[in-house]
Structures are given as C-alpha cells and as structure tokens.
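# Geometric and topological summary
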Amino acid sequence: MDTKDSLEKKKFPSNQKNTHKVYNLYAHLYSKPNLKFKTKKKISFGSKIKVIEKKNKFYKFDNFWIKKNDLKKIKYKNKDIFKGLNKFLGTKYVWGGKHFSGVDCSGLVQLFFNFNNKFCPRDSKDQISYFKKSIKLKNIRKNDLIFWKGHVAIAISNKSLIHAYGPLKSTVRMPIKNTINKIYKTANLKVLGIRRVT
C-alpha cells in the first residue's frame, strides 16, 4: 500500500484478501463517504485494498473511504498492458520510485504488469533477461521495451516512447531515434536489446 503519510508505515495483516485496486494515477482518501470529508492522504495507482463496506459512490477499506470510480476489481486486466501509461507523464523521476509522487524507469514497467496481475522483475537488468522475445529496432511496435544498461523505455508506437528519465527528472514522451541518440551522446550507452512483452 503506497501513501504519503503515516498510512505508509502501518502494517496490514498478511491474510488480508484484497478485493480492489486503484486505477487512476492516485486516489484521494476520505474520512466519511462524502466529498466534503477529503483527507490529505492519497494512495497510488495499483495499490490493492480490501473493501469492507459500500455507501453511495464510496467504498470503505481500513478506516478510510475511497471513490468507487478510482477503483477496479482485483481481477481486472487490460488487454493492452500499458493502457493508461499517459497518466504518468510529468511524474517526477525518483530512483527506486513506484508511486504517483515519483517513479523510475523499471518501476514504471513493473507497475503496469503488477496492475494487470502479471509478474515482472523490479530492475531493468532482470527485466531484459525475463522477457525473452528479442526484436530488431526496425520492427519495433507499441508496448515493446527498449533496454540500455540500467535503463528501460516503453514504446508507445513505432516512433515514440515513454520513460521515467533521470536526466530530465521526469516521465516523458520522446521520439525513439532521438532518445537512442541522446542516451548514446550523453551516457555513451547503446541499446542492449528490445523485447516484445505482449
């Protein structure tokens, strides 16, 4: 469970059977099932919760309420694994991050696999080994992953990609060829491989 306040430190029982997950970039938490009772707390995309009560258009979990339209059922999956990737554009780059307040390149990839109930390693060096289907740059298409040493980007077409990019301190959309050239010029890194994951 990802939050910004003390909720982050709270231990949840390991036998908790989650029923829903956050679908939007983040969801506000409410102290009562009413828009007037919004707290300063938020939980991030992919956070899993156990709904214990429903009232109006709010669902209760733990001691908080959350809007129903911020959630999907726990078994929900998108056919397009990276559907909604655009919601992370502009999110701050934070090494080790997997949260609306900061994300890194491999964390962004893992978030969408986990949201869709699929396994994906945490680090890019393990992701390139885990995904076996190698693709040539000329055949790249939407949802292919492009790997460099210590970095990964998600193709959103055969011309563009989205990645949480450290040098720009943000999650950005960039042309594929320009990105390959920029990373080579600034970090002296060539593409290690391209993997088809769907």
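Let me begin by describing the structure that accompanies this report. These figures come from a predicted structure and were not determined experimentally.

## Section: unusual backbone geometry
Although it is not a glycine, Asn 117 adopts a positive phi angle of roughly 60°. Checked against the element boundaries, Asn 117 lands in the loop between helix H1 (105-115) and helix H2 (124-130). Since its relative accessible area comes to 36%, Asn 117 is described here as partly exposed. Phi is positive for Asn 143, which is not a glycine, with a value near 80°. As for its placement among the helices and strands, Asn 143 is situated in the loop between H2 and strand S11 (145-148).

## Quick word on the environment of Asn 188
Inspection of the secondary structure puts Asn 188 in the loop between helix H3 (176-187) and strand S15 (193-195). Looking at Asn 188, the relative accessible area reads 56%, which means it is exposed. Sequence-wise, Asn 188 and Asn 34 are 154 residues apart; in three dimensions their C-alpha atoms are separated by 53 Å.

## Looking at the environment of Lys 60
Summarising the element assignment, Lys 60 is placed in strand S6 (residues 58-61). Judged by relative accessible area, which is 22%, Lys 60 ranks as partly exposed. Beyond its immediate sequence surroundings of up to four residues, Lys 60 is in contact with Lys 50, Val 51, Ile 52, Glu 53 and Trp 65.

Cut-offs and rules
- Residues numbered from 1 in each chain as written.
- Predicted model: local features only at pLDDT ≥ 70, side-chain atom pairs only at ≥ 80, totals over all residues.
- Heavy atoms only, no water.
- Helix = DSSP H or I, 4+ residues; strand = E, 2+ residues; numbered from the N terminus.
- Buried < 20%, exposed > 50% of the residue type's maximum accessible area, 1.4 Å probe, protein only.
- Contact = heavy atoms within 4.5 Å.

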